[in-house]
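Reading the structure
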Amino acid sequence: MKRLRSFKPWLFVYLPLLAVSGQTRPAGSEPASVSVAALAPVAGAGYAGAERCQTCHKAEFGEFSKTHHAAIKPPHADSVTGCEMCHGPGKAHADGEEASQGDDAKAAAAGKLIFSFHANPRKNAERCLVCHQSSRDQKDFTHSTHIQHGVACDSCHSMHLTEAGRNPKAERMGTAQGNFFNVPKLPAENRWLHESQLIKAQPELCYGCHGNIQAQFALPTHHRVPEGAMKCTDCHNPHGTSNRATLRQSGWETCTQCHVEKRGPYVFEHSAVKVEGCTACHTPHGSVNQMLLVRRETRFLCLQCHVDPFAANVPHGRLGFQARGDCTRCHAAIHGSNFDVNFLH
Ligand code: HEC
Ligand code: HEC
Ligand code: HEC
Ligand code: HEC
Ligand code: HEC
Ligand code: HEC
Ligand code: HEC
Ligand code: HEC
Ligand code: HEC
Ligand code: HEC
């Protein structure tokens, strides 16, 4: 009876849950940490208010209303909100359009009276960075490789996806490999609202400009980015970081967030891993070689650094070492070992 009472059925629910939550999984992107800047109205400029914009720009207003930006709570009562927090004061434009009475020339002239992101990329990005500079994720944008090459926020994000039907840049995800693996496709608007308002899903968005990287992912051995099982942004932060190739983390940390078992620490570290990092031996995107190795024959990879495996202190001859054999046949714990200084196990 005593034993029965100590039986705790909730443990059967609780323990498996604990086990599941204890599993490590790749860290997602950091949560947003944008603080809303108090956008004081420009002195002397007239504001129209989003409701007025709506009368002529129904589609933009409709889509914009579903986004986080539409729900921003202004820090001060007189802070600029709605359309004009990005487009600037719009009263002159609205009045101008109203007065144009269908005259194309007048309408076009009134179109120039509002900021419409036709400026240079840095000026465009500044509009966003007013607030987004405060985000951990985007704070390095002003010195990122992307902005240095004229790629601004609006090259990747759309603030009001009226493009769903119109913008030729936007399109649904669907690669041959993705289709084969049945990666679900979401309707454009649904995806847009759930994927940081990207104009296209990854990797298509990135492939659009990085054709050479697309080719690397088409090689026989690759991380499953084209299949949709992994994203470019698992490794890179497109907004820029202070790491090489704008990797999310420095050195091999980017890789060991998923390949945790390769992190160590080991009693006997292979200096190649710790000093040169994973890319000393592996290509990150794709390769014709097995295991994403940089060399077809593992042997030659080792001999790149271990220039003389037949040196007096390397007793391979005595062991009947075969020149054609793979080094990892014996040196199996190549990433480091807790048992053997020579990584034999
Ligand atoms: C009376 C109708 C009307 C109102 C009100 C109005 N717009 Fe417009 N807007 C237009 C028209 C028409 C055009 C196209 C002008 C052209 O031919 O280039 C336009 C163009 C634009 C453009 C693109 C400009 C370009 O050169 O590509 C932006 C951005 C814009 N409006 C934003 C706004 C915002 C923000 C508001 C509210 C503050 C607003 N509009 C209010 C009629 C209006
Ligand atoms: C978070 C910033 C932001 C807000 C808020 C915003 N827009 Fe825009 N808008 C942009 C950017 C960036 C572009 C240029 C590229 C694009 O189409 O995404 C743009 C472009 C436009 C255009 C021109 C589209 C074209 O084809 O060139 C119109 C019209 C427009 N916005 C209207 C509005 C209206 C109306 C609102 C409010 C309901 C609004 N915007 C709110 C950022 C914003
Ligand atoms: C007035 C301040 C402000 C401005 C200006 C602004 N943003 Fe935002 N943005 C925010 C805030 C606040 C959030 C919401 C963070 C949250 O709630 O998670 C946000 C969210 C976002 C998101 C994430 C949306 C999502 O679905 O997760 C993107 C992408 C974004 N902004 C891009 C831009 C771009 C591009 C511009 C310039 C065209 C811009 N923002 C201008 C304050 C701003
Ligand atoms: C080269 C393409 C690219 C450019 C340029 C870009 N972004 Fe992004 N952004 C992305 C991608 C891709 C994601 C989704 C990341 C993910 O899913 O892990 C994203 C995510 C975001 C998010 C959501 C993540 C978060 O912190 O909540 C915000 C906000 C954002 N971007 C704002 C901006 C702003 C502001 C700019 C310009 C200053 C900008 N982005 C420029 C590609 C870009
Ligand atoms: C509008 C074009 C465009 C888009 C879209 C784009 N990039 Fe880029 N990217 C560039 C250009 C231009 C460069 C600089 C030249 C180069 O290295 O090829 C660059 C450079 C890079 C670099 C190298 C950074 C460095 O410091 O060496 C990485 C990594 C990168 N992009 C990742 C991405 C990812 C991930 C995406 C998708 C989320 C993306 N890019 C989308 C144009 C783009
Ligand atoms: C598994 C992690 C990982 C993924 C996923 C990944 N990258 Fe990379 N990428 C790297 C690493 C690591 C480097 C640095 C390589 C080096 O230094 O030799 C790099 C370098 C780059 C570079 C600059 C060097 C070059 O070869 O031109 C670009 C651009 C780039 N990646 C774009 C992308 C794009 C676009 C995607 C998605 C289609 C992507 N990467 C997915 C890890 C990754
Ligand atoms: C987001 C998680 C993630 C990150 C980050 C990551 N990987 Fe992977 N990696 C995987 C997964 C999942 C597989 C299994 C591949 C498969 O079956 O498609 C894999 C497979 C591999 C393989 C074996 C390939 C094969 O043919 O079996 C190597 C080698 C590898 N990764 C190296 C790296 C390196 C180097 C980095 C850092 C540049 C890295 N990984 C970053 C998830 C990740
Ligand atoms: C000294 C070269 C070298 C370095 C540096 C290196 N690897 Fe490897 N890695 C190999 C070799 C060789 C293999 C193939 C082993 C085999 O054939 O059994 C391999 C296999 C792998 C595999 C697939 C098989 C397995 O053991 O899971 C993964 C994943 C992997 N490496 C990840 C990494 C990561 C992550 C790093 C960085 C922390 C890294 N490697 C650094 C040489 C290296
Ligand atoms: C990027 C250069 C590099 C590559 C590639 C490399 N190693 Fe190493 N390896 C080193 C360095 C550096 C040491 C440390 C040597 C020392 O401490 O004297 C080391 C140590 C070792 C040791 C331990 C012996 C000792 O002296 O501590 C073994 C065994 C070994 N490597 C085997 C391999 C094998 C097998 C491969 C191929 C899969 C390989 N290494 C690829 C650089 C490399
Ligand atoms: C048949 C198994 C076998 C193969 C194949 C093999 N090794 Fe070894 N290797 C050993 C053994 C066993 C030791 C340790 C001998 C000892 O304990 O003194 C060793 C030791 C080493 C050492 C450390 C020597 C030192 O200074 O202490 C290096 C470096 C090394 N091997 C590199 C290689 C490279 C590179 C290859 C491929 C070209 C290779 N090995 C292939 C069995 C092998």
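Everything discussed here concerns the structure shown above.
So, a few notes on the structure that sits alongside this text.

The rules behind the values
- Every chain is numbered on its own, with residues counted from 1 as its sequence reads.
- Chains and ligands are labelled sequentially in the order written, the chains with letters from A and the ligands with numbers from 1.
- Only residues with pLDDT of at least 70 are given local features in this predicted model, and only at 80 or more are side-chain atom pairs given and counted; all residues enter the totals for whole chains, interfaces and linings.
- Hydrogen atoms and water are omitted, and side-chain values are computed over all heavy atoms in the structure.
- In this analysis a donor is any N, O or S atom within 2.8 Å of a metal ion (3.2 Å for sodium, potassium and calcium), and since water is not included, sites may seem incomplete.
- Working rule for geometry: tetrahedral if four donors all subtend angles between 85 and 135 degrees; square planar for four, octahedral for six, if opposite donors exceed 155 degrees and the others stay between 65 and 115; irregular in every other situation.
- Put simply, DSSP marks the helices as runs of H or I at least four residues long and the strands as runs of E at least two long, and each gets a number from the N terminus on.
- Working definition: with a 1.4 Å probe on protein chains only, accessible area under 20% of the residue-type maximum means buried, over 50% means exposed, and in between means partly exposed.
- Any residue with a non-hydrogen atom lying within 4 Å of a molecule or strand is treated as near it.
- Throughout this description, a polar contact denotes any pair of N or O atoms lying within 3.5 Å of each other; where both atoms belong to protein, one of them has to be capable of donating a hydrogen while the other can accept it, and for residues adjacent in sequence the pair is counted only when both atoms sit in side chains.
- Residue ranges assigned to the domains are those given by an automatic or database domain assignment.
- By arc we mean the arc of the directions from the helix axis to the C-beta atoms, nothing more.
- Contacts between residues were defined by any pair of non-hydrogen atoms, one from each residue, lying within 4.5 Å.
- When a carboxyl oxygen of Asp or Glu is within 4 Å of a side-chain nitrogen of Lys or Arg, the pair counts as a salt bridge.
- For Phe, Tyr and Trp, where Trp contributes only its six-membered ring, two rings pair if their centres lie within 6.5 Å, and the inter-plane angle classes them as stacked under 30 degrees, edge-to-face over 60, or tilted in between.
- In this scheme, Lys NZ or Arg CZ marks a charge over a ring once it lies within 6 Å of the ring centre and within 35 degrees of the ring normal.

Observations regarding the coordination of the iron atom of ligand 2
Ligation of the iron atom of ligand 2 by protein atoms is provided by His-87 (NE2) and His-160 (NE2), these donors lying 2.0 Å from the ion. Coordination at the iron atom of ligand 2 comes from six donor atoms whose angles at the metal span 87 to 178°, giving a geometry best classed as octahedral. Highlighted residues: His-87 in helix H5 (residues 84–87) and His-160 in the loop between helix H10 (153–156) and helix H11 (176–180), separated in sequence by 73 residues. By relative accessible area, which is 22% here, His-87 ends up partly exposed.

Concerning the site of ligand 2
Contacts to ligand 2 come from 15 residues, most closely from Phe-64, Cys-83, Cys-86, His-87 and His-160. Here His-160 contributes a side-chain N or O atom positioned 2.8 Å from a nitrogen atom of ligand 2. Of all the secondary-structure elements, those providing two or more residues to the shell around ligand 2 are helix H4 (58–64) and H5. It is H4 that contributes the most residues to the shell around ligand 2, three residues altogether. The two domains that each donate at least three residues to the shell around ligand 2 are domain 1 (50–111) and domain 2 (154–247).

Digging into the coordination of the iron atom of ligand 5
Bound to the iron atom of ligand 5 on the protein side are His-146 (NE2) and His-210 (NE2), at distances that span 2.0 Å. Coordination geometry of the iron atom of ligand 5: the six donor atoms subtend angles of 88 to 179° at the metal centre, consistent with an arrangement described as octahedral. Of this pair, His-146 sits in helix H9 (residues 145–148) while His-210 sits in the loop between helix H13 (204–207) and helix H14 (211–217); the two residues are 64 residues apart in sequence, bridging distant segments of the chain. Given a relative accessible area of 27%, His-146 falls into the partly exposed group.

Some details on helix H17 (residues 298–305)
Along H17, the residues that are buried comprise Thr-298, Arg-299, Leu-301 and Cys-302. Projected onto a plane normal to the axis of H17, the buried residues spread over an arc of 160° and lie on a single side.

A look at the environment of Met-291
Relative to the helices and strands, Met-291 is located in the loop between strand S2 (286–287) and H17. Spatially, the C-alpha atom of Met-291 lies 8.6 Å from that of His-222, the residues being 69 residues apart in sequence. With sequence-adjacent residues up to four places away left out, Met-291 is seen in contact with Thr-221 and His-282.

Digging into the side chain of Thr-254
Checked against the element boundaries, Thr-254 lands in helix H15 (residues 253–256). In this structure the side chain of Thr-254 is engaged in a polar contact, spanning 2.8 Å, whose partner is the backbone oxygen of Gln-249. Other than its neighbours up to four places away in sequence, Thr-254 contacts Cys-235, Leu-247, Arg-248 and Gln-249.

Brief notes about the side chain of Ser-287
One can find Ser-287 in strand S2. Within the structure, Ser-287 has its side chain in polar contact with the backbone nitrogen of Asn-289 (distance 2.8 Å). Excluding residues within four positions of it along the chain, Ser-287 makes contact with Gln-216, Leu-219, Pro-220, Thr-221, Leu-292 and Leu-293.

Let's talk about the pattern of salt bridges
Per the stated rule, a full pass over the model turns up eleven salt bridges. Here Arg-52 and Asp-95 are joined by a salt bridge, their closest N and O atoms 2.8 Å apart. Note that Arg-52 is positioned in helix H3 (residues 50–56) and Asp-95 in helix H6 (residues 91–100), a separation of 43 residues in sequence. Residue classification places Asp-95 among the partly exposed positions, given a relative accessible area of 32%. Taken together, the shared-partner salt bridges in this structure form one network comprising Arg-52, Lys-91, Asp-95 and Glu-98.

Re the packing of aromatic side chains
The geometry of an aromatic ring pair is captured by two quantities: the separation of the ring centres and the angle between the planes. Using the criterion set out here, one finds one aromatic pair in the structure. Taken together, a centroid distance of 5.0 Å and an interplanar angle of 75° make the contact between Phe-115 and Phe-117 edge-to-face. Looking at Arg-127, its charged tip hangs above the ring of Phe-115, at a distance of 3.9 Å from the centre. It is Arg-299 that lies over the ring of Phe-300; its NZ or CZ is 4.7 Å from the centre.

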